[in-house]
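Fold and geometry: a report
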Amino acid sequence: MKKIRFIILFSLLFLSVYPVSAQRLRYKDIYQVITSGDNVLAYSLLLEYQKSNPGYANTYFQLGLISFNNILNADPFLEYDKIKYFAYNVRLYWGLAEKYIQNDKSEVTRNRKYFQNVPELAKIKRISQEDVLGYISTRLNKVNDYVKELDKIYSLFYKMVSDYTRTVDHYRHIIADYAKLKDLYLSPTDEIFPRLDTIRILFDSTMNMYQLYRAAIESYPLKKYNQHLLLKPITLYRLEGVTNTDFLNDTIVFWNYGLWVKDVKDVILGSIMNMRTNIAIHYNSMMALERKFLKTKVYSDKYLGYFLPSPVIYQIEKYDINSIMTNLLEYNKIKTDFLAYRLHVYNDTTDSLTKLIVRANSYAHEDMLLTQMDSMLRVISELNVPENTRKYEGFFHTNFPHGLAPYIAKERVQNLNMHKKDFEHFKYFLYRDVFHYSFDSSYVVYNNDTIKLFISTGQPSKYVTMDVGKDPLNNLFVAGVENSGHKWKIFVCKLTNTTVQWLKTMPINKDFTVPQIKLYPYTDGVVIDVYETSSQAQGNNTFYRFDQIGEQGFTFRSNVRSVPRFIYYDDINNFLIAAYKGNDREEPYSADTLIIEKWDINKKQKIWRYNFVHTGQFVNVLRYDSVYYAFVNYTKFVGTNGKAFRSGANDVGVIRITESGKIMPFRPLEKTKYFYLIYTIKLSSQKFDVLGFQASPFDFKHEKFGQLPPLKSIIINKF
Amino acid sequence: MRKLILLGVLVIMFFETYSQDTLKQYLLPLPPGRVIDLSISYDGTHLAMTVVKQDSFFIYEYLRNKQGEWFDTRKVYSSIFKLQGPTFSPDNDRIYFSFSTSEGYDIAYVDRTMNGWTEPRFLDTTINSKVDEFSPQVDPTGKILYFSRDEGNNGACMHLFYSVWEHGHWAKAKRIVQPVNLGCETFPRMEVDGQKLFFISKREKYKSYDIYYTKKITQDIYTVPQRLSFSHPRFDEVSPTYDPVLKELIFVRREKRHDVLYAVKLGAQFLPSPVNILRGEVVDNATGRPIVAIVSLLNTITNSPITQFVTNTGHYQLIIPPGQNYTLKVTARGYSTKFYDWNTRKAVGNNIDNVDFKLFSEINLQLNIYDKRLYDNLNAQIDVFDSLKQKKLNNIQIKHLSKGKYLVKLPIGGFYSFHLSKDNYRPYAFGLDLRVPILYENFEKDIELNPRLERVVLKVVDASSQRGVTTEVDVVSKTTGAHYKAKVKTDANGNVVLFLKKGDVYEISITPKGYTFYSQELNLESDSTPPKQIVANVKPLKKNMSMQFHNITFELNSADLKEEAYPVLDQLVKFLKQNPNIKVEISAHTDDLGSKQYNMKLSLRRANSVVEYLKEHGISPDRMVAIGYGESRPLVPNDSDEHRAMNRRVEFKILEIK
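Starting from 1, residues in each chain are numbered consecutively following that chain's sequence as written. Going through the entries in the order they are written, you letter the chains from A and number the ligands from 1. Residues qualify for local features only when their pLDDT is at least 70, as the model is predicted, and side-chain atom pairs are given and counted only at 80 or more; totals for whole chains, interfaces and linings, by contrast, use all residues. Each side-chain value is derived from all of the structure's non-hydrogen atoms; neither hydrogens nor water enter the calculation.

**Comments concerning the overall build of chain B**
Check the secondary structure of chain B and you find four helices and 50 strands. Computed over C-alpha atoms, the radius of gyration of chain B comes to 48 Å, more than 25% over the 26 Å expected from 2.2 N^0.38 for 658 residues, which places it beyond the range of a compact globule. In terms of overall dimensions, chain B has a C-alpha envelope of 155 × 50 × 45 Å along the principal axes. Should any heavy atoms of two residues lie within 4.5 Å, those residues are considered in contact. For chain B, contacts bridging at least 24 residues in sequence account for 56% of all contacts bridging at least 6. For chain B, the accessible surface area stands at approximately 31000 Å², while carbon and sulfur atoms represent 50% of it. Treating the 87 positive side-chain charges of chain B as one cloud and the 76 negative ones as another, the clouds have centres 3 Å apart. Helix numbers and strand numbers start at the N terminus; a helix is a DSSP run of H or I with at least 4 residues, a strand a run of E with at least 2. The globule rule is 2.2 Å times the number of residues to the power 0.38, and the radius of gyration it is compared with is taken over C-alpha atoms. For accessible areas, the Shrake-Rupley method is used with a probe of radius 1.4 Å. Any residue's cover is judged against the shown protein chains and nothing else. Two residue types count as positive, namely Lys and Arg, and two as negative, namely Asp and Glu; His and chain ends fall outside the count. By convention, the charge on Lys lies at NZ, on Arg at CZ, on Asp at CG and on Glu at CD.

**A short note on helix H5 (residues 80-103) of chain A**
Residue and element names in this part refer to chain A. What a helix should span is 1.5 Å times the count of its residues minus one. With 24 residues, H5 extends 34 Å from end C-alpha to end C-alpha; this agrees with the ideal 34 Å at 1.5 Å per step. For every residue, the accessible area (1.4 Å probe, protein chains only) is compared with the maximum for its type, and the residue is labelled buried under 20%, exposed over 50%, or partly exposed between those bounds. Within the span of H5, buried status applies to Tyr80, Ile83, Phe86, Ala87, Asn89, Val90, Tyr93, Trp94, Ala97 and Ile101. If you follow the buried residues of H5, they end up packed against helix H3 (39-52), helix H4 (57-73), helix H6 (107-110) and helix H8 (129-177).

**Describing the nonpolar core**
Grouped together as the largest cluster of nonpolar side chains are 158 residues, with contacts concentrated most on Trp260 of chain A together with Leu365, Leu410 and Phe418 of chain B. A per-element tally of this core places H8 of chain A first, with 20 residues. Beyond its immediate chain neighbours, meaning those up to four positions away, Phe418 of chain B contacts Leu365, Leu367, Ile382, Asp383, Val384, Val408, Leu410, Tyr428, Ala429, Phe430 and Leu432 of chain B. Counting 35 residues, the second-largest nonpolar core is a separate cluster that includes Trp70, Ile211, Leu228 and Leu261 of chain B. By nonpolar core we mean a set of buried residues, namely Ala, Val, Leu, Ile, Met, Phe, Trp, Tyr and Cys, connected to one another through side-chain atoms within 4.5 Å.

**Some details on the pattern of salt bridges**
Basic side-chain nitrogens of Lys or Arg form a salt bridge, by our definition, when they fall within 4 Å of a carboxyl oxygen of Asp or Glu. In this structure the tally under the stated criterion is 68 salt bridges over all chains. Across the pair Lys159 of chain A and Asp163 of chain A runs a salt bridge whose closest N-O atoms are separated by 2.8 Å. Of this pair, Lys159 of chain A and Asp163 of chain A both sit in helix H8, separated by four residues, roughly a single helical turn. Lys159 of chain A gets classed as partly exposed once you look at its relative accessible area, which sits at 36%. Take Asp163 of chain A: its relative accessible area is 2%, and that puts it in the buried class. For the salt bridge of Glu448 of chain B with Lys318 of chain A, the shortest nitrogen-to-oxygen distance reads 2.2 Å. One end of the pair, Glu448 of chain B, is in strand E39 (residues 442-449); the other, Lys318 of chain A, is in helix H12 (residues 310-319), on a second chain.

**Details of the environment of Ser402 of chain B**
Considering the arrangement of structural elements, one finds Ser402 of chain B in strand E35 (residues 397-402). Separated by 23 residues in the primary sequence, Ser402 of chain B and Asn379 of chain B have C-alpha atoms spaced 8.6 Å apart.

**Here's the deal with the side chain of Asp246 of chain A**
The residue Asp246 of chain A is located in the loop between strand E1 (228-232) and strand E2 (251-255) in this model. In this structure Asp246 of chain A is buried but unpaired, with Lys329 of chain B as the nearest side chain of opposite charge at 8.7 Å. Polar contacts involving the side chain of Asp246 of chain A include one to the main-chain amide nitrogen of Leu248 of chain A, which spans 3.0 Å. Contact partners of Asp246 of chain A, with chain neighbours within four places excluded, come to Ile252 of chain A together with Thr302, Asn303, Ser304 and Pro305 of chain B. Pairs of N or O atoms are called polar contacts if they sit within 3.5 Å, as long as, within protein, a hydrogen donor faces a hydrogen acceptor (for residues adjacent in sequence, only side-chain-to-side-chain pairs).

**Re the sheet that holds E39 of chain B**
All names here are of chain B. The four strands are arranged E35-E36-E32-E39 in an open sheet whose pairing can be described as mixed. The sheet is open, and its two borders are formed by E35 and E39, each paired with just one other strand. The average angle at which neighbouring strand axes cross in this sheet is 25 degrees, direction not considered. Following DSSP output, two strands are said to pair if at least two bridges run between them. Pairing between strand E32 (residues 362-371) and E39: eight bridges, direction parallel. Pairing of Asn364 across the sheet is with Asn442, part of E39. To define axes, lines are fitted to C-alpha atoms, for helices over the stretch in contact only, and angles between the resulting N-to-C directions are given on a 0 to 180 degree scale.

**Digging into the packing of H12 of chain A against helix H13 (residues 324-342) of chain A**
Residue and element names in this part refer to chain A. Two elements in contact, H12 and H13, have axes separated by 9 Å at closest approach and are oriented at 160 degrees. When the axis of H12 is compared with that of H13, the two are roughly antiparallel. By crossing handedness, the relation of H12 to H13 is classed as left-handed. Between H12 and H13, the residues in contact are Val312, Ile313, Ile316 and Glu317 and Met325, Thr326, Leu329 and Glu330, respectively. When its residues are assigned to classes, the contact of H12 with H13 shows five nonpolar, one polar and two charged. We call two directions roughly parallel when the angle between them is under 35 degrees, roughly antiparallel when it is over 145, roughly perpendicular when it lies between 65 and 115, and oblique otherwise. Two helices that cross are described as forming a left-handed crossing if the nearer one is turned anticlockwise from the farther one by less than a right angle, and a right-handed crossing if clockwise. Residue type decides the class: Asp, Glu, Lys and Arg count as charged, Ala, Val, Leu, Ile, Met, Phe, Trp, Tyr, Cys and Pro as nonpolar, and the leftover types, Gly among them, as polar.

**As for the packing of helix H11 (residues 257-295) of chain A against H13 of chain A**
All names here are of chain A. It is the contact of H11 with H13, at a shortest axis distance of 10 Å, that shows an interaxial angle of 25 degrees. The orientation of H11 with respect to H13, classified from their angle, is roughly parallel. In this structure, the crossing between H11 and H13 has a hand that is left-handed. Facing H11, whose interface residues are Ile279, Tyr283, Met286, Met287, Leu289, Glu290, Phe293 and Leu294, H13 presents Met325, Leu328, Leu329, Asn332, Lys333, Lys335, Thr336, Leu339 and Ala340. Among the residues forming the contact of H11 with H13, the class breakdown is twelve nonpolar, two polar and three charged.

**Overview of the interface of chain A and chain B**
Listed as interface residues are 57 residues of chain A and, on the opposing side, 54 residues of chain B. Summed over both sides, the interface between chain A and chain B buries roughly 5000 Å², with carbon and sulfur atoms accounting for 59% of that surface. Of all residues in chain A, Leu239, Lys318 and Ile572 of chain A bury the most surface against chain B, accounting for 13% of the area lost on that side. A salt bridge links Lys180 of chain A to Glu444 of chain B; the shortest N-O distance between them is 3.3 Å. Accessible-area loss on putting two parts together, using a 1.4 Å probe and summing over both, is the definition of buried area adopted here.

**Some words on the environment of Lys223 of chain A**
Residues and elements named next belong to chain A. Note that Lys223 resides in the loop between helix H10 (189-219) and E1. Residues Lys223 and Asn73, spaced 150 residues apart in sequence, show a C-alpha to C-alpha distance of 9.2 Å. Ignoring any residue separated from it by four or fewer positions in sequence, one finds Lys223 in contact with Leu72 and Asn73. Within the structure, Lys223 has its side chain in polar contact with the backbone oxygen of Leu72 (distance 3.4 Å).

Here it is in structure tokens:
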């Protein structure tokens, strides 16, 4: 009794906390819910009813039916798990329904009305056990078929989805790694091809799966899905192909990655491979030519640099703008030009025929090539970063196993050394032909006396050489003073192949001395300018002309009382230009007046003469189309208009005077700041070459060849 | 003793069941009027409240500061008609509420925009029926709408319903299963995990509306609802809402004289499960301003959208339970697209990620234009059209970067076609569809233009016999400096077919062995009519044959060659090298200005200058003789400047052919 009270009390307590519907479930009510179509409610009510009525067959029949309908209504792709779940339930419930119907033959007849909520059974007046079992059996078969087919379709569908998604992912990784398609083209094939092949394989698999999927749903159509494929090409890198597709759409859009991979590989194996082959061919050819030139000892003007066709460069630039490869190829092309050029005759020290002007032009050209090469090496050095070199990994690995940096350093030094060596050749000829320095103390013997073939001082010999020069035919002229006993004379002689052809003498005025003689050899002979001075401060310049056989031509005198520093004779027009400065034999850097004059030899008349306020040294004169360009070193120059030009250490300037004597504005040469000019050469009608030292004129004396600082050459366009 | 123990247990259970948990008043600055109901957003940052004052109804919005306090009250909407039960959408940019109309209560919503809240819009008839609907709330996914409906009881008794968002609209509402709907239910309030549901119900023996709690297992299965113990047996509790910041349940109790706001701490079993919150802003990359964007959550497997919404304010917020990966797609009309992989598997507690998306509205397309044959860069005319409207677009920015390279800025969302044209090249066209999702800003496209070619037949014939001459032909474009090909050779009949680019001017040079050299300019510029065939008559070299040159020039009164003479002299070098068996006389001639003696001397010097040049370029001096004829052999009388110019010349005469 106590127990019972306790139980009642306890139960009441719990009932009050957890109120539960005390309403008893009646099957006919449940059936009403079933027929109302509220399957969700019906399902939960049936489950509830089944707990208290486990042997009631119709419960299972209805549960199976609801499960069956759930299967049909479920999305085969999005609710696959639900379908599988309810398929299991269908088999379970209808299995139980079958069992309970078979166990009790009158089960169906007794509960006939509860089996009529399906159209197939509803049209049967008196439903029998066989009818119901038959219905269950066919529906079960249908479920089994459906699940079996769906399994296959589902698997194909999701394999297709998976393969395509992976394809897209791989593609996205590629476009993330390579911002430009060209970078992809140029990446090493062993790096990119596996990635491309992965995409192709996955895409092929996707297409295969799609075909199988289509076949599967055509043989077993799904209510909701009948997708068709639309293949779209990837026409612009990074614009198309970057998004996945909605596989549940009626039209599934695939980017044609297979075609894209093929196109990319075609380019890599076609144009890029062709480009790489061309690079290798041309590079190897250039290397072979360079090696050949470096070994060659024979000088000849026939050697030419390598012809690198422009399309090779353009082809590279199409894929690789500002490319390290184009710069490297162009550098080597110019280097072959340089090496070929160095083998030309101008550079042969045993060659005595080539004119200085030709040598000067050639050296200037070499200098230009060196500048170009150096500039290119600088560019190559700047471009020598992994992101540039990896585009040609194979090439650099083969040809530059230690990297480009040591190569660049070595090339710079090698090129400079070759050029310096060539310049030494040029200097040799320059000093020999222009400044008349002797490298081998050469002389000739004439009437048992020696005539030095270089400017000499002192009097150990009868003949004191004061100037030397060669005419265009390579005849050598020597002029100086002759000591005949106690009488001094002026002498001039011509040598051909070190044989004196003739020697002429002229008297020196009484009480005069000859501090300086300048000569100017030309095609048809020689003109000499003899400067005489007396102790009474008198002085003059006398000009003599001799032809090739020694016959004396004109003679005239200029009353300029300064040492001649330069003369120029135009034998075609018969004009003579002379420049004078100071009174010392060796021209000092002085503030003495600079005098330039022009004479008409035909009329023996001075055409014009100018005196310039000039602190510096006079160099020489070049003629361009009826204008004389007179080059000077200066720290101070005052033009005829009174305008003064000054400089700190030393600068180079040009006085320009026309044939008729009109003075054009004095022009300092900007390129030659702090430059000490020693000579200029006319290279062509548009260019001249200034030669000198990057030094102060006060720092050295240039008698000794071996102690000179490096000679510098600057090419300037005529202005 | 046993009885005592039993009684004790029962009493404890009673108290556990029936004791009033610690309630406290929920404090927040109230606007004037009477609070009808309220709700707090899923992330706890916003609060919506209905207030009635002087027969007008107001919906207010509160924001929360960093200290967790409510502030910044703003009016969302007001009406003389009754408003009820406002709740926020998961992104807090929409408020659903019930709105009394002439046909009864229906569910409406207002949207937040950059300019404020919109006017109310009603949901359609799948939700709003002929009877009354109250207390709407969408679940954290935004795909299920819960509300209560009076099923013809004139508001006396309602039940809970739900509807699923499918195919762009709310499906027909269904009643929530029993035992959720058991008495009279309203105010369904889902927690942030989308599982735990609070609602109020009047059922069985209780005479007032109390707060109940249930847990959703599936849409069709719920746990048996549990009445919360603090519910008052006599007073109605309404409007339960969970504050995730304080972890308290807030509700309104309609006490005898007034309505009171209460808060109660919930036990662990009532707290929501951890969720993932992703929020941020979608802005214009250029201006930084928020933009109206479309945010879609995609199924990572099928890529079909699970949910999609528009951010009217540029702000977005998504709430998802952990366990799956998703892909977020963010785009806006006329803007690029961004994808974001959202990994929700690793959520332990609530994971809140702030991710802003910057979208750009234009792309940069670099066009690199080349000559297809030479790969040389080319400038070209570029016209851009709207493909759909077939209309030329004049406002497209095209910047010329360098030769052959252009940068085009294109607004996203258009479908464009490009037309490229250049004189003497075939036109080129391509399309560009920017209506697709755009992920990147910069693109590059190479375009190869095909040159229009002119077919020219060159025939080299012996001027005497008229027979064809086999020889190499050098064809150089004077316009570009490019050689036509490395080597071109005529056939046995002297013919060669050249395909030359229109628009260029070519120099055709022929130096056949045993013949004079031939040079002709071929003008293929647009305004010229080029010949279809060129016949180059080359004269066989004969003794005493002479060639005249007026373009070998010298400085005035000088024998110094001008640089302009070098190309002709180079050609002569080539000719002499090609014919090593000939010896030539090189003579210079003057006009009659100056003395005869002078002219003679000058011309001799000039002839010698030419010989020197040829010698320096590898021609043996033995093969050349220099002569100056001065004014002695004029071609024409020296009676005019023109004639004098004709007489000033250099001549080559073949002295000997070995």
